[in-house]
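Observations on chain architecture
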Amino acid sequence: MHKDFDANDLRFRANAHGDLYLPEVVSEAVARHEYADLWQTRYAPIDFKRSNNYVFCGTDSGLLIKAFAAAAQHRDLALWFVEDERIIAQVRRECAAQLAQLPHALLLSGDELQALLDSGQLDNSVLAGRVNMLRAACAEHDESGWYTPMFAKLHQRIDARHTLINSLGSRLPFIAQTLLNLPSTQVPASIVKDRFAGMTVCLLAAGPSLDEHLDWLRLHRDEVVVIAVSRISRRLREAGIIPDFVVSIDPQEISFDVSREGLQMQPTPVLAFANQTISRLVNQWQGPKIYFGPRLPWHKRDDETPVASLTVTNQAFEFAVAGRPEQIILMGTDFCLDAAGHTHAQGNPEREQGISLRADMEEVVTYDGSVRLSSYDYYNSGKQLEIQIAAVHESIRVINPSAGAMRLNNVIHTTLEDTQSSIAPVQQQLQSLRRDIQAATGKPGYMRHSCEELRLFRKRSADLRKLAEEALKLTGVAAEDSPRGNKANRRLFRIDKQIRKDYARERQFCTDYFPAYFSDVFQTGADLADNTPLAFGDALDKSRHIYEAYCRILEGVDSVAKHTLKIIKLWPDDPAEAPADKFCQLMLTLDWPAVLLRNESRVAPEWLEQARQQHEAQFKRRSVRLEQVLETLTVNEASLFKVLSSAYNQRSLDKLAHFKNALTQMNDFPSRELYYRLSDAYHAEIIGNTDLAMDSYRWIIDQGQTNLLEESLNRVAFLCIRTGDSETALMALSVLSEINPMYEATLEQFRLVA
């Protein structure tokens with residue numbers, strides 16, 4: 001039973017150990033023990049990660065917040081304390097000073113958490129599964145009856161947000177690009193099967209070490225097959241190297257912005273793209289194209305190269321393996337930052353933004369034995385490549401000549417000078433392959449079959465959408481405890497089963513083209529065992545959000561399918577046939593002028609002129625957008641302090657050494673010297689050189705009012721208390737209390753004991 005009371009009557013009570021708590025929420029069993037002991041038992045053993053977000057149901061009357069503030073190693077964590085709205089105001093007043101000490105902590109009501117989720121600020125963490133749910137002691141021993149439903153509701157809210165952003169933010173772009181690319185998916189990438197036999201393949205990725213190998217590659221260019229990821233096109237053009245294959249799998253707009261120089265390569269290489277690759281890049285590509293992924297249902301199913309890669313580098317390796325070469329040389333596949341902190345090779349837009357400093361770094365060992373940092377994405381991509389190499393290493397030699405690359409099992413590390421390239425007639429074989437690709441493009445009947453499949457798909461998706469829309473309406477009624485609500489529940493069960501039946505019937509198309517993208521209906525919660533009525537705080541609200549996402553994604557997919565159907569209907573059947581005016585108008589409407597420019601000899605002059613103007617405007621717009629996107633990668637002082645303090649709290653000398661190297665390269669960063677001194681001070685503290693640490697902290701303090709003044713004074717006070725220098729500690733605390741009132745209590749306490 002919930003306790004009823006007037007919030008104005010709430011009073012904090014002190015237990016025998018001096019811990020202040022509210023009897024309304026903290027049980028006597030918890031209150032009779034010292035909270036510090038409870039903290040050590042419940043929370044100290046947890047391996048908290050700074051890349052994650054932690055949601056606590058309840059705060060133990062604020063004692064949990066105070067405990068985190070007192071634990072210096074946990075102050076940088078992202079903590080969301082969710083409290084019952086009946087006591088949240090009192091807890092907020094009681095813990096104001098401690099919340100000020102936790103820069104990434106929030107005290108929220110359930111509705112405030114929902115507003116934060118709806119704002120989209122936390123979508124990356126929710127989508128990546130970096131949100132951890134934990135109960136406070138008051139929620140574990142829920143005598144008030146408040147926290148059990150609250151905990152279920154928190155789970156439901158986060159799950160529902162995950163469904164929405166996963167469907168609309170991640171899945172819809174993949175599905176949309178797949179449909180838009182249908183006219184180009186005529187030749188599967190499996191056409192290269194066994195075509196590299198006896199050859200050497202050089203796989204070029206975007207890591208910093210790429211620049212070390214370009215001279216060798218120029219010298220041996222005709223002796224090797226070159227497969228490059230699309231985003232290094234600019235660098236390769238600058239170096240005068242034209243790859244044989246360019247690989248792209250990303251459906252996001254920025255993929256076009258950082259890959260578009262590939263369009264200007266002459267002679268144009270073969271584009272190896274995934275079904276979901278950004279359609280702008282696919283449709284503007286002037287040369288041969290082959291694709292990864294399933295073929296339309298009327299084709300054989302044994303000639304596919306699946307898309308199952310974490311990154312484009314993993315996909316490029318899988319592509320190289322399909323050709324069964326004698327050896328694969330990895331170039332620029334570092335999977336870690338270089339000593340200076342760069343993520344990419346020269347010439348990449350990301351490289352131009354300077355150093356990458358992030359808190360979620362993994363430490364990896366390189367071939368030369370040094371320790372480098374690797375981001376979460378790079379690290380996982382490297383581990384996936386290790387799995388791929390393990391499957392083929394007995395038949396294909398894999399070589400990495402980069403001393404600074406992440407060390408992988410079954411990879412031979414040797415210099416390029418000691419590497420023998422193949423003696424197979426590489427260029428003749430590649431010319432033969434290009435002729436085969438050209439012959440396989442534009443086979444009769446392909447466009448007609450595509451139209452038929454798309455029409456059927458639109459009909460099926462429309463039927464599913466109607467069912468989902470009806471289910472969405474019913475979730476509002478099903479919450480009622482009435483005969484009407486029970487009837488709505490029963491109808492929800494029937495709809496859920498019908499959608500499952502329809503999905504299973506059309507599984508061939510949906511799972512082939514959009515694996516897992518339409519499977520969320522299996523998790524709506526509508527199909528509960530024994531027809532158990534749906535509870536508002538549990539499955540019903542989650543069902544509402546999932547059906548909402550389902551309706552919106554089906555609506556978006558239908559719109560794209562409609563556009564694609566128009567394109568296919570108007571696409572010239574004969575390569576020599578002049579495109580109709582309707583086709584030209586559609587290409588400009590879709591903002592694809594390059595399709596017309598590619599066929600300029602067959603396009604009327606008035607359409608060509610419009611296409612040229614639109615194409616020029618496109619590049620101007622995208623240049624501005626790319627600059628805006630990449631500006632967000634620039635290091636700022638807040639992020640820099642976060643990574644340095646994170647390395648200090650982890651006692652990682654390797655990370656601090658890396659960040660110091662990176663700081664030496666940050667010539668345009670005005671506060672470089674300040675943060676270099678801070679990293680020096682942290683390093684000195686870890687190795688136990690207090691005098692050196694004090695010298696660095698004093699230098700920062702002497703610079704006056706900076707972002708590091710408070711941190712430096714704090715560290716000086718701590719070190720002086722530890723060494724017995726009470727006078728300096730008192731002075732540092734006095735200045736701190738003037739900067740931030742939360743230090744006043746600490747200052748008064750120290751005066752009493754000093």
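Notes on the structure follow. (Residues numbered from 1 in each chain as written. Predicted model: local features only at pLDDT ≥ 70, side-chain atom pairs only at ≥ 80, totals over all residues. Heavy atoms only, no water.)

**Notes on the overall build of the chain**
Looking only at helices and strands, the chain features 31 helices and 15 strands. Burial statistics for the chain: of 754 residues in total, 54% are counted as buried. Once local pairs closer than 6 in sequence are excluded, the contacts in the chain between residues at least 24 apart make up 69%. Roughly 33400 Å² of accessible area belongs to the chain as shown, and the carbon and sulfur atoms make up 49% of that amount. (Helix = DSSP H or I, 4+ residues; strand = E, 2+ residues; numbered from the N terminus. Buried < 20%, exposed > 50% of the residue type's maximum accessible area, 1.4 Å probe, protein only. Contact = heavy atoms within 4.5 Å. Areas by Shrake-Rupley, 256 points an atom, 1.4 Å probe, with all protein chains shown as cover.)

**Structural notes on the pattern of salt bridges**
Considering all chains together, one arrives at 20 salt bridges under this definition. Across the pair D244 and R434 runs a salt bridge whose closest N-O atoms are separated by 3.8 Å. Here D244, found in the loop between α11 (233-239) and β9 (245-248), pairs with R434, found in helix α17 (residues 426-440); they are 190 residues apart in sequence, far enough to count as distant. Residue D244 is classed as buried on the basis of its relative accessible area, which comes to 3%. Residue classification places R434 among the buried residues on the basis of a relative accessible area of 19%. The salt bridge partner of E470 is R491, with a shortest N-O separation of 2.8 Å. (Salt bridge = Lys/Arg side-chain N within 4 Å of Asp/Glu carboxyl O.)

**Examining the sheet that holds strand β6 (residues 131-135)**
On the basis of which strands lie adjacent, the open sheet formed by four strands has the order β5-β4-β3-β6 and parallel pairing. Sheet topology places β5 (105-108) and β6 at the edges, where each strand pairs with a single neighbour. This sheet shows a mean twist of 20 degrees between the axes of neighbouring strands, independent of strand direction. Pairing analysis gives five bridges linking strand β3 (residues 53-57) to β6, with the strands arranged parallel. Bridge pairing in β6 places N53 opposite V131. Where helix α6 (residues 110-119) meets the sheet, its contacts fall on β4 (78-82) and β5, and the angle it forms with β5 comes to roughly 125 degrees. (Pairing = 2+ DSSP bridges. Axes fitted to C-alpha atoms, helices over the stretch in contact; angles between N-to-C directions.)

**Some words on the nonpolar core**
If you look at the biggest cluster of nonpolar residues, it comprises 65 residues, and the most contacted ones within it are F196, L204, I227, F245, I290, F317 and F319. Counting residues per element, this core draws most heavily on helix α14 (residues 312-322), at six residues. Core analysis: the second largest hydrophobic core is formed by 54 residues, V25, W80, L108 and W146 among them. (Core = buried A, V, L, I, M, F, W, Y, C linked by side-chain atoms within 4.5 Å.)

**Looking at the sheet that holds strand β12 (residues 327-331)**
As summarised here, the arrangement of the seven strands in space is β11-β10-β9-β8-β7-β12-β15, forming an open sheet in which the pairing is parallel. On the outer flanks of this sheet lie β11 (289-292) and β15 (397-399), each paired with one strand and no other. Pairwise comparison of adjacent strand axes, ignoring direction, gives a mean angle of 20 degrees for this sheet. Of the strand pairs in this sheet, β12 and β15 are connected by three bridges, and their pairing is parallel. Of the residues in β15, the one forming a bridge with Q327 is R397.

**Brief notes about a nonpolar patch on the surface**
A contiguous nonpolar patch, built from M731, V735 and I739 and spanning about 240 Å² of accessible area, is present on the exposed surface. Along the chain, the position of V735 falls in helix α30 (residues 726-739). (Patch = residues over 30% accessible without salt bridge, like charges linked within 9 Å, V, L, I, M, F, W, Y side chains within 5 Å.)

**Comments concerning the packing of aromatic side chains**
Taken as a whole, this structure holds 15 aromatic pairs when the rule is applied. With centroids separated by 5.5 Å and ring planes inclined at 20 degrees, the aromatic side chains of F56 and F81 adopt a geometry described as stacked. Of this pair, F56 sits in strand β3 while F81 sits in strand β4, and the two are 25 residues apart along the sequence. Like F56, the residue F81 is buried in the burial classification. Here the basic side chain of R135 rests over the ring of F151, its NZ or CZ set 3.8 Å away from the ring centre. (Phe/Tyr/Trp six-rings, centres within 6.5 Å; stacked < 30°, edge-to-face > 60°. Lys NZ or Arg CZ within 6 Å of the ring centre and 35° of its normal.)

**Remarks on helix α3 (residues 63-70)**
Owing to its 3.6 residues per turn, the α-helix aligns residues three or four sequence positions apart on the same side. Burial runs high along α3: seven of the eight residues are buried. Those residues of α3 not exposed but buried are L63, L64, I65, K66, A67, F68 and A69.

The values reported here are purely geometric and, on their own, carry no functional implication.
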